[in-house]
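# Descriptive structure summary
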2 protein chains.
Amino acid sequence: MDTERSPLACPFPDAPKIAGVLPRVARAGYKDWGRCDLTYVELAEGTSVAGVFTNNVCCSSEVELGREQVLLGRTRALVVNAGNSNAFTGYRGREAVEAIMGQVATHLGCEPSDVFVSSTGVIGVPLPKDKAQAGLEAAFAAAECTWEDAARTIGTTDTFAKGAVATAMVGGTKVTLVGIVKGSGMIAPDMATMLGYVFTDAAVEPAYLQACLSAASEATFNCITVDGDTSTSDTVLAFATGKADNTPLASSGDPGADAFAAALHDVCRQLSHLVVRDGEGAQKFIEIAVSGAVDDASARGIGLAVANSPLVKTAIAGEDANWGRVVMAVGKAGEPADRDRLSIGFGGIWAARNGLPLADYDEGPVTAHLKGREVTVEIDLGLGDGRATVWTCDLTHGYISINADYRS
Amino acid sequence: MDTERSPLACPFPDAPKIAGVLPRVARAGYKDWGRCDLTYVELAEGTSVAGVFTNNVCCSSEVELGREQVLLGRTRALVVNAGNSNAFTGYRGREAVEAIMGQVATHLGCEPSDVFVSSTGVIGVPLPKDKAQAGLEAAFAAAECTWEDAARTIGTTDTFAKGAVATAMVGGTKVTLVGIVKGSGMIAPDMATMLGYVFTDAAVEPAYLQACLSAASEATFNCITVDGDTSTSDTVLAFATGKADNTPLASSGDPGADAFAAALHDVCRQLSHLVVRDGEGAQKFIEIAVSGAVDDASARGIGLAVANSPLVKTAIAGEDANWGRVVMAVGKAGEPADRDRLSIGFGGIWAARNGLPLADYDEGPVTAHLKGREVTVEIDLGLGDGRATVWTCDLTHGYISINADYRS
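Since the model is a prediction, treat every value here as computed from it, not as a measurement. (Residues numbered from 1 in each chain as written. Chains lettered and ligands numbered in written order. Predicted model: local features only at pLDDT ≥ 70, side-chain atom pairs only at ≥ 80, totals over all residues. Heavy atoms only, no water.)

## Some thoughts on the overall build of chain A
Scanning chain A from terminus to terminus reveals 11 helices and 14 strands. In chain A, which comprises 408 residues, the share counted as buried stands at 61%. Considering only contacts within chain A whose residues lie at least 6 apart along the sequence, 80% involve residues at least 24 apart. Total accessible area computed for chain A in this model is approximately 13,800 Å², and 49% of it derives from carbon and sulfur atoms. (Helix = DSSP H or I, 4+ residues; strand = E, 2+ residues; numbered from the N terminus. Buried < 20%, exposed > 50% of the residue type's maximum accessible area, 1.4 Å probe, protein only. Contact = heavy atoms within 4.5 Å. Areas by Shrake-Rupley, 256 points an atom, 1.4 Å probe, with all protein chains shown as cover.)

## Focus on the nonpolar core
Counting residues in hydrophobic clusters, the biggest one holds 168 residues, and the most contacted among them are Phe260 and Ile379 of chain A together with Phe260 and Ile379 of chain B. Setting aside anything within four residues of it in sequence, one finds Phe260 of chain A in contact with Ala168, Val170, Val175, Leu177, Thr200, Ala202, Val204, Leu209, Cys212 and Leu249 of chain A. (Core = buried A, V, L, I, M, F, W, Y, C linked by side-chain atoms within 4.5 Å.)

## A short note on the UniProt feature "active site" (unreviewed entry) in chain A
Cross-referencing UniProt, the feature "active site" (unreviewed entry) maps to Thr193 of chain A in the present numbering. Within the secondary structure layout, Thr193 of chain A lies in the loop between strand 6 (173–182) and strand 7 (195–200). (UniProt positions renumbered as here; feature names shortened; annotations may be inferred.)

## A closer look at the packing of helix 1 (residues 61–69) of chain A against helix 2 (residues 90–108) of chain A
Residue and element names in this part refer to chain A. The geometry of helix 1 relative to helix 2 is characterised by a closest axis approach of 9 Å and an angle of 50° between their N-to-C directions. As far as their axial angle goes, helix 2 and helix 1 are oblique. Contacts between helix 1 and helix 2 pair Ser61, Glu62, Glu64, Leu65 and Gln69 from the former with Gly90, Gly93, Arg94, Val97 and Met101 from the latter. Broken down by class, the residue content of the contact of helix 1 with helix 2 amounts to three nonpolar, four polar and three charged. (Axes fitted to C-alpha atoms, helices over the stretch in contact; angles between N-to-C directions. Parallel < 35°, antiparallel > 145°, perpendicular 65-115°, else oblique. Nonpolar A, V, L, I, M, F, W, Y, C, P; charged D, E, K, R; others polar.)

## Concerning the interface of chain B and chain A
Of the residues lining the interface, 56 residues belong to chain B; the matching set on chain A comes to 57 residues. Note on chain B versus chain A: buried area summed over both sides is about 4,700 Å², and carbon and sulfur give 61% of it. Among the residues of chain B in contact with chain A, Phe88, Arg339 and Ile400 of chain B are the three that bury the most area, contributing 17% of the side total. For the pair chain B and chain A, the interface holds two salt bridges. Here Glu64 of chain A makes a salt bridge to Arg339 of chain B, at a shortest N to O gap of 3.5 Å. Seen at the junction of chain B and chain A, the total is five residue pairs in polar contact (both at pLDDT 80 or more). (Buried area = accessible area lost by both parts, 1.4 Å probe. Salt bridge = Lys/Arg side-chain N within 4 Å of Asp/Glu carboxyl O. Polar contact = N/O pair within 3.5 Å; in protein donor to acceptor, adjacent residues only side chain to side chain.)

## Remarks on the confidence of the model for chain A
Residues at a pLDDT of 70 or more form 95% of chain A, whose mean pLDDT is 91. Between residues 188–192 of chain A, whose pLDDT stays under 50, and residues either more than four places distant or in other chains, the model counts 33 contacts. (pLDDT = per-residue confidence, 0-100.)

## Here's the deal with the packing of aromatic side chains
Applying the stated criterion across every chain, the model contains 10 aromatic pairs over all chains. Measuring from ring centre to ring centre gives 5.2 Å for Phe199 of chain A and Phe239 of chain A, while their planes differ by 15°; the resulting arrangement is stacked. Note that Phe199 of chain A is positioned in strand 7 and Phe239 of chain A in strand 8 (residues 235–240), a separation of 40 residues in sequence. Each ring, one from Tyr40 of chain B and one from Phe140 of chain B, has its centre 5.1 Å from the other, and the planes form 70°; the classification is edge-to-face. Here Tyr40 of chain B, found in strand 2 (residues 38–53), pairs with Phe140 of chain B, found in helix 3 (residues 129–141); they are 100 residues apart in sequence, far enough to count as distant. Among the aromatic residues, ring-to-ring pairing joins Phe116, Trp147, Phe199 and Phe239 of chain A into one connected group. The ring centre of Trp350 of chain A lies 4.4 Å from the NZ or CZ of Arg353 of chain A, which sits over that ring. (Phe/Tyr/Trp six-rings, centres within 6.5 Å; stacked < 30°, edge-to-face > 60°. Lys NZ or Arg CZ within 6 Å of the ring centre and 35° of its normal.)

## Here's the deal with the sheet that holds strand 10 (residues 343–346) of chain B
Residue and element names in this part refer to chain B. Here we have six strands laid out as an open sheet, ordered 12-11-10-13-9-14, and mixed in their pairing. At either margin of the open sheet sits one strand with a lone partner, and together these are strand 12 (356–357) and strand 14 (386–393). By the bridge criterion, seven bridges tie strand 9 (residues 285–293) to strand 13 (residues 374–380) in an arrangement that is parallel. Within strand 13, the position partnered with Ile286 by the bridge is Val375. Across the face of the sheet, helix 9 (residues 323–332) comes into contact with strand 10, strand 11 (349–353), strand 12 and strand 13 while running at roughly 130° to strand 10. (Pairing = 2+ DSSP bridges.)

## Let's talk about the pairing of strand 13 (residues 374–380) of chain A
Remark: a regular strand shows side chains that alternate across the two faces of the sheet. All names here are of chain A. Taking burial as the measure, the seven residues of strand 13 include five buried ones, the bulk of the element. In this sheet, strand 13 lies alongside strand 10 (residues 343–346) in antiparallel orientation, the contact comprising four bridges. Its bridge partner lying in strand 13, Ile344 is registered against Ile379.

## Thoughts on the domain arrangement of chain A
Residues and elements named next belong to chain A. What the domain assignment reports for chain A is domain 1 (21–277) and domain 2 (285–405). One C-alpha centre belongs to domain 1, the other to domain 2; they are set 32 Å apart. Facing the 15 residues of domain 1 at the interface are 13 residues of domain 2. Across the domain 1 to domain 2 interface the summed buried area is about 1,200 Å²; carbon plus sulfur atoms make up 56%. For domain 1, the biggest contributors to the area lost against domain 2 are Cys223, Thr225 and Val276; these three give 39% of the whole. Its salt-bridge partner being Glu218, residue Arg300 comes within 3.4 Å of it at the nearest N-O pair. Here domain 1 is connected to domain 2 by eight residue pairs in polar contact (both at pLDDT 80 or more). Mapped onto the side of domain 1 that touches domain 2, the elements with two or more residues apiece are helix 5 (206–219) and helix 6 (257–277). No other element matches helix 6, which puts three residues into the side of domain 1 that touches domain 2. Here the side of domain 1 that touches domain 2 is built from residues that sort into six nonpolar, five polar and four charged. (Domains from an automatic or database assignment.)

Shown next, in the form of structure tokens:
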């Protein structure tokens, strides 16, 4: 992490311990760096798990295995390797993951399938089994770490540690959620080089936990984009230990289920925004609000086309209220749009309405808005009730510097 | 055009006059610049026309009208305005185009629908009718210009004038084709801020000319991308005056029809590559050859996903043989791919085969290849016989500088 801290960085929150969750970090030495790069989290027996994974068809063994493991519904541990994604490494990569799962299973006296593994970093180099093994032994012996330590240890090109906290009242019992996430480049729906983990002491049945996580991810992690590129390893997992001793949540009709779902959504929203705030070279956090589309999915497609447009992202980097580029991006989205009903605004001020520049449009306040760190773009299609909000960052010289110089 | 000439620029070819085609240029003054910005081309009576247009749903009035006009099959004139795209300007933009068509029709004694108009430049500002009118009058009185003058006059952010020439023998008669094109940014399938025109003295029936142009565009203009952004104005038109007096070509079975189609394809290929060579900030010309896909369309989709990946484009800018990023881009294309059958190479040298890095892979020659101006990326899916080749350029600081500073 020799790149400068993002100007959009947020301080790590005051994150409490979660009953039934024991995080530790160690040095496996996956790269030649003087930092911890292996995170090991022990989870109480009976912990529920849910997950969402990358759609990239060239996914890693970790993702292949993880997709199967979430179907089991329960888990005992999580291992995260930083510095080597173990993707595109064939059977040797798979062996390395299975060795880690076996070693933790022996240590805890559980099944290998109870152990989730994630890896992030360079593609194409098998994860060195000996380093993983030694790192794990060190982690087993280590003291509990803080959430900030864990967040820092799962990071790679991240310029700041990212965490989020929320609470909810579930049937008279207070439950707490803590999330950590890593990711800065190669971020796009669906979920690119991003690893996110949410831990809660709530008692939640696996199926309902999965329903909550899927819904939350759809509107948060899958609505962010940095460069439109999608990683082979992206993963978001939610773990519920049940140590808060609330009546277990099994469906949306249960008392407190809505509150829990809202808290999980809140943590996912915070985490996803932190990833955008650490977008490679990001100088501005951009929110794109689309309304008036034929439906919500169409609105999201349009929002993402705008968010992924290099010409829109460079215009905002240049603090240029170039709504014409937004029009272009809307038009190429492949979604229903009518040029003569389209309205575009920045910072809540319309620049064009119903297909025409506003006669009294004053660029002054818009330009002032664009000079800030937080920029909003409003797009109204004028066709229906479809809405979506997506988030991205601007495209700057910093992105080029980081990615044209990054070496395996 | 105050940006530096692209290091990938090619000299303008020795382009002959085409019988029945009379190009002229003039100063309309659409922007405050000391250059010609209106191109007027008179075409002999009976000239056949064919066209392909942007798929951007927010297209300009010029494109809307042009789509209808090509159905008529014959034309008498072309007007190209540079500096103002007239897109997203509502009824006032439409009026400006119709005024130009009417003025030329009066001058030539033809129908307004016989006059094609294209405009390129800033979006959202109606084309000033008075400037267009005065510019046209000046063009009517001007002397014939060279093809290089015409190519320079249709340009906007282009850093060099772009032209191509080809000949073919059609039933014992030599026919000649000259093409000019403009475009440097906002280039993507299908055809973004790109205006291309091919003129030939061959006699070709409109329907066959359209068939040839559509096929050629599919494999050339629609296989290039600079930034994945698609303009609202893109247009390629082909004009055949018939002055070579060959027996008119009406179908692919006619003698010489294949030779003509090949020559048109050749001109389109040359022109499309010139656009990539003027990609904003381009330092390297990249050819991506995809084989082994399930079909040709799938191969093209994969090639374009790789060509549009900022991470691949920055890696090549950095002369980094980062085949892992190519894997990632293949995986996100949404096309059939099998990680364990995938092979990736650079400059004809495989870096990974069948899903695994090559044990004896020597990065030395690959790195030497990447240091050149012309880079090839080979992708073999190992699934079927589908093939495609797409072309793009690298993503550099130059792109950011041009697009973050460009102002309307």
